[in-house]
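Spelled out, the chains give:
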Amino acid sequence: MLLSRFFLPVLKETPKDAEIVSHIYMLRAGMIQQSSSGIYSWLPLGKIILDNITDICRNEMILAGANEILMPTLQSANIWKESGRYEDYGKEMLRIKDRNERDLLYGPTNEELVTEIFRTHVKSYKGLPLNLFHIQWKFRDELRPRFGVMRGREFLMKDAYSFDVDYESSIKSYNIMFISYMQLFKKMGLKAIPMKADTGPIGGDLSHEFIVIADTGESEVFLEEDFLSFEGSLNEINYERDLQNEVDKFTSFYAATEEKHNPNDKKIQSLNLIKTRGIEVGHIFHFGQKYSKPMNAIVNKNDGKNTPVYMGSYGVGLSRLVGAVIEANHDKDGIVWPQEIAPWHYNLINLKSGDKSCDDTCKNLYKLIQEKNYTVLYDDTDERAGAKLARADLLGLPFQIIIGPKGIKEKLFDLKNRKNGKIERLSYDELSNFINQNNR
Ligand code: ATP
Ligand code: MG
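Residues numbered from 1 in each chain as written. Chains lettered and ligands numbered in written order. Predicted model: local features only at pLDDT ≥ 70, side-chain atom pairs only at ≥ 80, totals over all residues. Heavy atoms only, no water.

**Q** Help me understand the packing of aromatic side chains, please; the structure alone is not making it clear to me.
**A** How two aromatic rings sit relative to each other is set out by the distance from centre to centre and by the angle between their planes. Summed over the entire model, instances satisfying the criterion amount to 15 aromatic pairs. Arranged with centres 4.2 Å apart and planes meeting at 5°, the rings of phenylalanine 118 and phenylalanine 163 form a pair that is stacked. One end of the pair, phenylalanine 118, is in helix α5 (residues 111–121); the other, phenylalanine 163, is in strand β8 (residues 154–164), with 45 residues separating them in the sequence. The same class applies to phenylalanine 118 and to phenylalanine 163, which are both buried. With a centroid separation of 5.5 Å and an interplanar angle of 45°, the aromatic rings of tyrosine 366 and tyrosine 378 are classed as tilted. Within this pair, whereas tyrosine 366 is found in helix α11 (residues 356–371), its partner tyrosine 378 is found in strand β19 (residues 376–379), the two being separated by 12 residues in sequence. No difference in accessibility class separates tyrosine 366 from tyrosine 378, as the two residues are buried. (Phe/Tyr/Trp six-rings, centres within 6.5 Å; stacked < 30°, edge-to-face > 60°. Helix = DSSP H or I, 4+ residues; strand = E, 2+ residues; numbered from the N terminus. Buried < 20%, exposed > 50% of the residue type's maximum accessible area, 1.4 Å probe, protein only.)

Right under this line is the structure:
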């Protein structure tokens, strides 16, 4: 990508109303633009990151055996009246009337709608287990939208829903999702810690939140010390083969803590707990027959008897994750994207656009990088060298290749590792070797 052709409205000044670093950097790097309170447009760079995060999540759901569907943003109030949640949900739900005075709402979550789809088509245990997921915008009229995309009113969520014929198999479905969450956050370059949680308005008997540790997190959490050093001995897994083993590993590990715990609880005091703050990036619930009973989602068991189906629901805050990744990966100069979701692998910087040898060297490298199937953002603009370097640090691509007249003369070029700040001076051949060798 040529930077001169890329819509990247970088801000020089720190925006006044932004309080936390991810919000500041997202605005400064031209990733988002506020449209109204808690509602944002995603500009090209923001959209690339949101898509990268979404793709990782989607792929993991498919690996875990879930089927992708797409439900609408607007839902009929009728199904919410059936489940009993229409009144309960309160002011966070945006209620709308159509021209025929029918009650609609902008979906804050989808348990009702997916249950309606399920009950229309599945009547027997033979269709189970089943997991349906979608990736769709949600609306919650939050009391205090803040911190940019972290607590928006409109936000992108991946939500999956599992259906099973009995309690045991639905716990197994829950565990599959638990493990797939550990996998997907890791694949985003994030350490997300699972914690036992309240089931809240979604209800049910079992629930975990996945928390990214950050000083700016809204939730106060108490972690068992071991979690911080735990690097997740988690390799990419084969769901069929490794599931039980992974579940066992984590069950023994996460038994620890609870948000909002009782500090007088002796059991908790005996653990080595650290008080810290975190960002909730995912939340999974097992709630059994809570919706299937009132909504009459009944399946026939293999003994011929009927039962309301057992369900769970599994959310990932995709747009919140963009902010969470930045909270977890930045320094004073800007964002430091993890390799896994970086918008491009290389930032090629021409310190003197218009200078023939700088231009030629950059063009060759630009071609070479793409031939090796890496992505590259080429700063071919005619701004000052200092401004280009500062912008590159703000954008935070994993590697910067810096080409200027001095390097051309000395036949040595700077390769900067954005994460550790180290700059190597390499000959053209060494540089192309680096690119060749997959040396990310
Ligand atoms: P929170 O406690 O942060 O308000 P929640 O528990 O109400 O979130 P869930 O119903 O569990 O949210 O939704 C699943 C995921 O969607 C959350 O884990 C979070 O990552 C994301 N999410 C929820 N509300 C918002 C919001 N207002 N803005 C951005 N993401 C959100
Ligand atoms: Mg939650």
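**Q** It is not clear to me how the packing of α11 against helix α14 (residues 428–436) should be interpreted in this structure. Could you clarify?
**A** Think of two packed helices as two axes; the pair is described by the angle between the axes and how far apart they sit. Running from N to C, α11 and α14 cross one another at 20°; their axes reach a closest spacing of 10 Å. It follows that α11 is roughly parallel to α14 by the angle criterion. Judged by the sense of rotation from one axis to the other, the crossing of α11 with α14 is right-handed. For the pair α11 and α14, the contacting residues are Thr361, Asn364, Leu365, Leu368 and Ile369 in the first and Tyr428, Leu431, Ser432 and Ile435 in the second. A breakdown of the residues in the contact of α11 with α14 according to their chemical character gives six nonpolar, three polar and no charged. (Axes fitted to C-alpha atoms, helices over the stretch in contact; angles between N-to-C directions. Parallel < 35°, antiparallel > 145°, perpendicular 65-115°, else oblique. Left-handed = near helix turned anticlockwise from the far one by under 90°. Contact = heavy atoms within 4.5 Å. Nonpolar A, V, L, I, M, F, W, Y, C, P; charged D, E, K, R; others polar.)

**Q** So what exactly am I meant to see when it comes to the site of ligand 1 here?
**A** Taken together, 14 residues sit near ligand 1, with Arg140, Glu142, Arg151, Gly152 and Glu280 positioned nearest. Between ligand 1 and glycine 152 there is a distance of 2.8 Å, counted from a nitrogen atom to a backbone nitrogen or oxygen. When ligand 1 sits alone it has 580 Å² of accessible area, and the protein chains cover 85% of it. In terms of residues, the shell around ligand 1 owes the most to one element, strand β12 (residues 273–288), which gives four residues. (Near = heavy atom within 4 Å. Polar contact = N/O pair within 3.5 Å; in protein donor to acceptor, adjacent residues only side chain to side chain. Areas by Shrake-Rupley, 256 points an atom, 1.4 Å probe, with all protein chains shown as cover.)

**Q** How do you make sense of the sheet that holds strand β5 (residues 94–97) when you look at a structure like this?
**A** Taking strand neighbours across the sheet as the criterion, the three strands line up as β4-β6-β5 in an open arrangement whose pairing is antiparallel. Bordering the open sheet on either side are β4 (74–76) and β5, each of which pairs with just one other strand. Taken pair by pair, the neighbouring strands of this sheet meet at an average axis angle of 35°, ignoring direction. Summarising the sheet, β4 and strand β6 (residues 103–106) pair through three bridges and their orientation is antiparallel. If you follow leucine 74 over to β6, its bridge partner there is tyrosine 106. (Pairing = 2+ DSSP bridges.)

**Q** Looking at this structure, how should I read the side chain of serine 207?
**A** Within the secondary structure, serine 207 is located in strand β10 (residues 206–213). Residue classification places serine 207 among the buried positions, given a relative accessible area of 3%. For serine 207, the side chain forms a polar contact with the side chain of histidine 283, separated by 2.8 Å.

**Q** Hey, could you run me through the sheet that holds strand β20 (residues 399–403) in this one?
**A** Strands pair in a sheet through their backbones, by hydrogen bonds, and they do so in one of two ways: parallel or antiparallel. What the five strands build is an open sheet, ordered β19-β18-β20-β21-β22; its pairing is mixed. Of all the strands in the sheet, just β19 and β22 (423–426) have a single pairing partner and so form its edges. Taking the axes of each pair of neighbouring strands and ignoring which way they run, one obtains an average angle of 20° across the sheet. Both β20 and strand β21 (residues 413–417) contribute to a ladder of four bridges, which runs antiparallel. Bridge assignment links glutamine 400 to a residue of β21, and that residue is lysine 416. Along the sheet face, helix α12 (residues 385–395) touches β18 (346–350), β19, β20 and β21 and points at about 175° away from the line of β18.

**Q** Looking at this structure, I do not really get the nonpolar core. What am I missing?
**A** Within soluble globular proteins, side chains that are nonpolar generally end up buried alongside one another. Formed by 71 residues in total, the largest nonpolar core has its most connected members in Met31, Phe185 and Trp337. A total of nine residues in this core trace back to one element, the largest contributor, which is helix α6 (residues 167–187). Of the residues that make up this core, three or more belong to each of domain 1 (3–335) and domain 2 (346–436). Excluding its chain neighbours within four sequence positions, the residues that come into contact with phenylalanine 185 are Leu190, Ala192, Phe210, Val281, Gly282, Val316 and Leu321. In this structure, Ile79, Trp80, Phe285 and Val309 belong to the second largest nonpolar core, which totals 26 residues. (Core = buried A, V, L, I, M, F, W, Y, C linked by side-chain atoms within 4.5 Å. Domains from an automatic or database assignment.)

**Q** Would you mind going over the pairing of β18 with me for this structure?
**A** Strand residues, when the strand is regular, have side chains that alternate between the two faces of the sheet. Where burial is concerned, most of β18 is hidden: five out of the five residues are buried. Side-chain alternation along β18 places Tyr346, Leu348 and Asn350 on one buried face and Asn347 and Ile349 on a second face that is also buried. By the bridge criterion, four bridges tie β18 to β19 in an arrangement that is parallel. Opposite isoleucine 349, over in β19, you have aspartate 379 as the bridge partner.

**Q** For this particular structure, what's the right way to read the domain arrangement of the chain?
**A** For interface size, the figure often reported is the accessible area lost on association. Domain boundaries assigned for the chain yield domain 1 (3–335) and domain 2 (346–436). Each partner contributes residues to the interface: domain 1 has 12 residues there, and domain 2 has 11 residues. Between domain 1 and domain 2 the total buried area reaches about 1000 Å² when both faces are included, carbon and sulfur atoms providing 63% of it. Considering only the surface of domain 1 that becomes buried against domain 2, Leu3, Asp333 and Ile335 emerge as the three largest contributors, covering 50% of it. For the pair domain 1 and domain 2, the interface holds one salt bridge. In this structure, the salt-bridge partner of aspartate 331 is arginine 418, at a minimum N-O distance of 2.7 Å. Remark: the boundary between domain 1 and domain 2 carries five residue pairs in polar contact (both at pLDDT 80 or more). Secondary-structure elements contributing two or more residues to the side of domain 1 that touches domain 2 are α1 (21–28) and β17 (334–335). (Buried area = accessible area lost by both parts, 1.4 Å probe. Salt bridge = Lys/Arg side-chain N within 4 Å of Asp/Glu carboxyl O.)

**Q** Would you take a moment to explain unusual backbone geometry for this structure?
**A** As a rule of thumb, non-glycine residues mostly have phi less than zero, and peptide bonds are mostly trans rather than cis. The omega torsion of the bond from leucine 128 to proline 129 falls at 0°, within 30 degrees of zero and hence cis. Phi angles above zero are rare outside glycine, and phenylalanine 147 is one such case at about 60°. Take phenylalanine 147: it is sitting in the loop between β7 (130–139) and β8.

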